[in-house]
Each structure stands twice: as C-alpha cells, then as structure tokens.
Amino acid sequence: MRGKKPKEREKYVIRLGDGTLVEVNREIYLEWYRSERKERYQKKLGNAAKVS
C-alpha cells in the first residue's frame, strides 16, 4: 500500500445520499466504504462494457 497508514479514529463520519452526515464506529464505516468502492467498480465495469 502506498502512502501513510491511516489513523484509527474514535469517530467516523459518512455522508448519506441525501447529504446528511452521520457519525459511526469503525466497523460500520469500513463496511460502508467497502460497499461504496464495490458500487463504483461495478459502474465502471458497466460503462466499459458499453464502450467495448
């Protein structure tokens, strides 16, 4: 992995689809982040398939 290792924080903040900020713990944040990455990856694959 490149760069610095991220710090473990006590609080994590995520922005929901409607713009609301929600404070969550680390486990919830990591699961949310993983699902967001997966969704972006799927969209990227979908766009690449349409172009090909």
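(A) Looking closely at the overall build of the protein. From N to C terminus, the protein includes one helix and two strands. Secondary structure of the protein in N-to-C order comes out as β-β-α. Here the protein, with 52 residues, has 8% of them falling under the buried criterion. Of the roughly 5400 Å² of accessible surface on the protein, a fraction of 52% belongs to carbon and sulfur atoms.

(B) Main features of the confidence of the model for the protein. Residue-level pLDDT values for the protein average 83, and 88% of them are 70 or greater. Least confident of the elements in the protein is helix α1 (residues 26–51), whose mean pLDDT is 82; most confident is strand β2 (residues 21–24), at 96.

Thresholds applied
- Residues numbered from 1 in each chain as written.
- Predicted model: local features only at pLDDT ≥ 70, side-chain atom pairs only at ≥ 80, totals over all residues.
- Heavy atoms only, no water.
- Helix = DSSP H or I, 4+ residues; strand = E, 2+ residues; numbered from the N terminus.
- Buried < 20%, exposed > 50% of the residue type's maximum accessible area, 1.4 Å probe, protein only.
- Areas by Shrake-Rupley, 256 points an atom, 1.4 Å probe, with all protein chains shown as cover.
- pLDDT = per-residue confidence, 0-100.

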